[in-house]
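# Structure at a glance
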Amino acid sequence: MSTAAEQLENEWRSDPRWSGVKRTYTAADVVRLRGPVQEEHTLARRGAERLWRLLHEEDYVHALGALTGNQAVQMVRAGLKAIYLSGWQVAADANLAGQTYPDQSLYPANSVPAVVRRINNALLRAAQISAAEGTEPERDWLVPIVADAEAGFGGVLNAYELMTAMITAGAAAVHWEDQLASEKKCGHLGGKVLIPTGQHIRTLNAARLAADVAGVPTLVIARTDAEAATLITTDVDERDRPFLTGERTAEGFYRVRNGLEPCIARGLAYAPYADLLWMETSTPDLDVARRFAEAIKAEYPDKMLAYNCSPSFNWRKHLDDDTIAKFQRELGHMGYKFQFITLAGFHALNYSMFDLARGYATEGMAAYVALQEKEFAAEAHGYTAVKHQREVGTGYFDLISTVLNPAAETVALRGSTEEAQFA
């Protein structure tokens, strides 16, 4: 074994980061695949290391799904410590095909990495503006991004390449679901087809291998859709057979029993190969969450869990106000260390624009002025985007101009309406 492989093997054995993580390949395999030159992935590395610390230091880390770079900036400014990036939202309004799609893996596979990079670019710009102005308290703008890899857009090679692209874009963690990629559906749609347990383990290992080859401790999150899925591709895996009904469909799929029991079975199988486990659910149910957590932690007491506080749930239909108020704290006590609202960006963007447009259609400028007054009021809480020229970096690029030419007369903010009216 080469010296590099020996060092890597020793790291896997001794570093607490890799405690409880199982790989189906060797350090020699990783070194051989790295090639002679290894790129440094700064954003992915610092994001993964920061997320790992937060997950172990905080009761839980909660995040909202960002649809744009500006939304991500506002999330960080408001105090959130991580960002979630939903494939559903990318499908709906942020994919490289320029289309509006349902969450069925219809968009180009490099779309989510492109949005990861867009969000990181927006956060980097916010950090540059803040540092250049020197008027704000120090803030770490580059918060971890947890990104959606869907069902991997194909086999293990697709998963490997997609994970590599996520790391290159600066993702801190990536989640993978155990659906058939060619039939992938949103977790809250019907018609979901599972892949065999062993096949999804290979997907998780492909993601881990890509991270190891890149030399980045990116977190791997395993999601199961077995709570609601009714079909599976094949009966080849003996771990899946207890849940098969014996029926076949016209497509050749096998029918399966769904519910909590197969989710627990799959969670236990995925646990050695993932940093967090996520069971997709149909309703916000603390009892179901507790039963899943207890079953996993009985065998893997240190395994962290993730929970989708989904906008697909009608929350008040299922829970009273007191339960809603304590919901995330209760999940945190159970071990659900990462909690997120997947489609927060989609709903916030659409409702706020509809509300403004409806008022503008009937009241004209009064509706917009009412919005502006809310922005002015929010400045007391740290909101800065009312000064939109400053928010996108006009002052930062003025600084570049004056560094290059101290006598520059063409700087943009000086003499602007923003300077005159929003001081």
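Throughout what follows, the structure given in this document is the object of discussion. Residue numbering note: each chain is counted from 1, following its sequence as written. Restriction of local features to residues with pLDDT of at least 70 applies here, the model being predicted, together with a cutoff of 80 or more for giving and counting side-chain atom pairs; totals for whole chains, interfaces and linings are based on all residues. Remark: hydrogens and water are excluded; side-chain values derive from all non-hydrogen atoms of the structure.

Attention now goes to the overall build of the protein chain. Only runs of H or I of at least four residues qualify as helices and only runs of E of at least two qualify as strands under DSSP, and these elements are numbered from the N terminus. The secondary structure content of the protein chain amounts to 17 helices and twelve strands. Radius of gyration: C-alpha atoms only; globule rule: 2.2 Å multiplied by the number of residues to the exponent 0.38. In terms of overall dimensions, the protein chain is globule-like: its C-alpha atoms have a radius of gyration of 23 Å, near the 22 Å expected for 423 residues. Seen along its three principal axes, the alpha-carbon backbone of the protein chain occupies a region of about 75 × 60 × 40 Å. Buried, partly exposed and exposed residues are distinguished by accessible area as a fraction of the type maximum, computed with a 1.4 Å probe on protein chains only: under 20%, between the cut-offs, and over 50%, respectively. Counting all 423 residues of the protein chain, 50% fall into the buried class. We call two residues in contact whenever any of their non-hydrogen atoms come within 4.5 Å of each other. The contacts of the protein chain with a sequence gap of at least 6 include a subset with a gap of at least 24, amounting to 72%. On the protein chain, roughly 20,000 Å² of surface is accessible, and the fraction owed to carbon and sulfur atoms is 52%. For every accessible area listed, the method is Shrake-Rupley and the probe measures 1.4 Å; residues are considered covered only by the protein chains on display.

The next subject is the sheet that holds strand S11 (residues 304–308). Pairing between strands is defined by DSSP: at least two bridges between the two strands are required. Ordered in space as S1-S12-S11-S10-S6-S4-S3-S2, the eight strands form an open sheet in which the pairing is parallel. Looking at the sheet topology across the chains shown, the edges are occupied by strand S1 (61–64) and strand S2 (83–85). Ignoring strand direction, the axes of neighbouring strands in this sheet form an average angle of 20 degrees. Across four bridges, S11 lies against strand S12 (residues 336–341) in parallel orientation. Residue pairing for S12: Asn308 is matched across the bridge by Phe340. Angles here are taken between N-to-C directions and fall from 0 to 180 degrees, while the axes themselves are lines fitted to C-alpha atoms, restricted in helices to the stretch in contact. Helix-sheet contacts for helix H3 (residues 42–57) involve S1, strand S3 (145–148), strand S4 (173–177), strand S6 (219–224), strand S10 (276–279), S11 and S12, and the interaxial angle to S6 is about 65 degrees. With respect to the sheet, helix H7 (residues 156–169) is in contact with S3, S4 and S6, its orientation differing from that of S4 by roughly 155 degrees.

Counted residue by residue, helix H4 (residues 69–77) has seven buried out of nine residues, so it is predominantly covered. For H4, the secondary structure elements touched by its buried residues are S1, S2, helix H6 (111–133), helix H13 (344–363) and helix H15 (388–391).

Inspection of the secondary structure assignment puts Gln128 in helix H6. Exposure remark for Gln128: the relative accessible area of 30% places this residue in the partly exposed category. It is 9.5 Å that separates the C-alpha atoms of Gln128 and Trp141, two residues lying 13 residues apart in sequence.

Moving on, we get to the packing of aromatic side chains. Pairing of aromatic side chains requires ring centres within 6.5 Å, counting the rings of Phe and Tyr and the six-membered ring of Trp. Pairs whose planes differ by under 30 degrees are stacked, by over 60 edge-to-face, and all others tilted. Summed over the entire model, instances satisfying the criterion amount to eleven aromatic pairs. A ring pair is formed by Tyr307 and Tyr336, whose centres lie 5.5 Å apart and whose planes are at 90 degrees; its orientation type is edge-to-face. Here Tyr336 lies in strand S12 and Tyr307 lies in strand S11, a separation of 29 residues in the sequence. An identical accessibility class is assigned to Tyr307 and Tyr336; each is buried. Ring geometry for Tyr396 versus Phe397: centroids 5.4 Å apart, planes at 90 degrees, classification edge-to-face. Look at Tyr396 and you get partly exposed, because its relative accessible area is 21%. Here a set of aromatic residues connected by ring pairs shows up, and it is made of Tyr307, Phe313, Trp315, Phe327 and Tyr336. Here Arg139 stacks its cationic end above the ring of Trp141, 4.9 Å away from the centre of that ring. The criterion for a charge sitting over a ring is simple: Lys NZ or Arg CZ within 6 Å of the ring centre, and within 35 degrees of the ring normal. In this structure, Arg248 packs its charged tip against the face of Tyr254, placed 4.0 Å from the ring centre.

In this section: the side chain of Glu150. Among the secondary structure elements, Glu150 is positioned in the loop between S3 and H7. N or O atoms closer than or at 3.5 Å make up a polar contact, with two conditions inside protein: a donor-capable atom paired with an acceptor-capable one, and, for residues adjacent in sequence, both atoms drawn from side chains. A polar atom in the side chain of Glu150 sits 2.6 Å from the side chain of Tyr107. Of note is the side chain of Glu150, whose polar atom sits 3.0 Å from the side chain of Lys184. Discounting residues that sit within four places of it in the chain, Glu150 has contacts with Gly87, Trp88, Asp103, Ser105, Tyr107, His175, Trp176, Glu177 and Lys184.

So, about the sheet that holds strand S9 (residues 254–256). Strands belonging to one sheet form pairs held by backbone hydrogen bonds; the direction of such a pair is parallel or antiparallel. Spatial strand order, S5-S7-S9-S8: four strands in an open sheet with mixed pairing. Of all strands in the sheet, those bounded by a partner on one side alone are strand S5 (193–194) and strand S8 (244–248). Where S8 lies against S9, two bridges are found, and the strand directions are antiparallel. In the strand pairing of S9, Arg248 is matched with Tyr254.

This brings us to the packing of H7 against helix H8 (residues 197–214). In helix packing, the relevant descriptors are the interaxial angle and the interaxial distance, both defined with respect to the helix axes. Running from N to C, H7 and H8 cross one another at 40 degrees; their axes reach a closest spacing of 8 Å. Judged by the angle between their axes, H7 and H8 are oblique. The two elements H7 and H8 meet at a crossing, and its hand is right-handed. Across from Val156, Ala159, Tyr160, Met163, Thr164 and Ile167 in H7, the residues of H8 making contact are Arg202, Thr203, Ala206, Ala207, Leu209, Ala210, Ala211, Val213 and Ala214. Gly falls in the polar group here, along with every residue not listed as nonpolar (Ala, Val, Leu, Ile, Met, Phe, Trp, Tyr, Cys, Pro) or charged (Asp, Glu, Lys, Arg). Residues belonging to the contact of H7 with H8 are distributed by class as follows: twelve nonpolar, two polar and one charged. Oblique is the label for any angle not under 35 degrees, not over 145, and not in the 65 to 115 range, which are roughly parallel, roughly antiparallel and roughly perpendicular in turn. Each crossing is labelled by how the near helix is turned from the far one, with a counterclockwise turn of less than a right angle marking it left-handed and a clockwise turn marking it right-handed.

Another aspect to go through is the pairing of S12. Looking along a regular strand, one sees the side chains alternate between the two faces of the sheet. Counting buried positions over the six residues of S12 gives five, a clear majority of the element. As judged from the four bridges shared by S1 and S12, these two strands associate in the parallel manner. By the bridge assignment, His62 is partnered in S12 with Gln339.

Glancing now at unusual backbone geometry. Residues other than glycine seldom take positive phi values, yet Ser105 does so here, at roughly 55 degrees. Looking at the element boundaries, Ser105 is found in the loop between helix H5 (87–93) and H6. Its identity as a non-glycine residue notwithstanding, Phe153 has a phi of 60 degrees, on the positive side. Counting through the fold element by element, Phe153 comes out in the loop between S3 and H7. You can call Phe153 buried: its relative accessible area is 19%.

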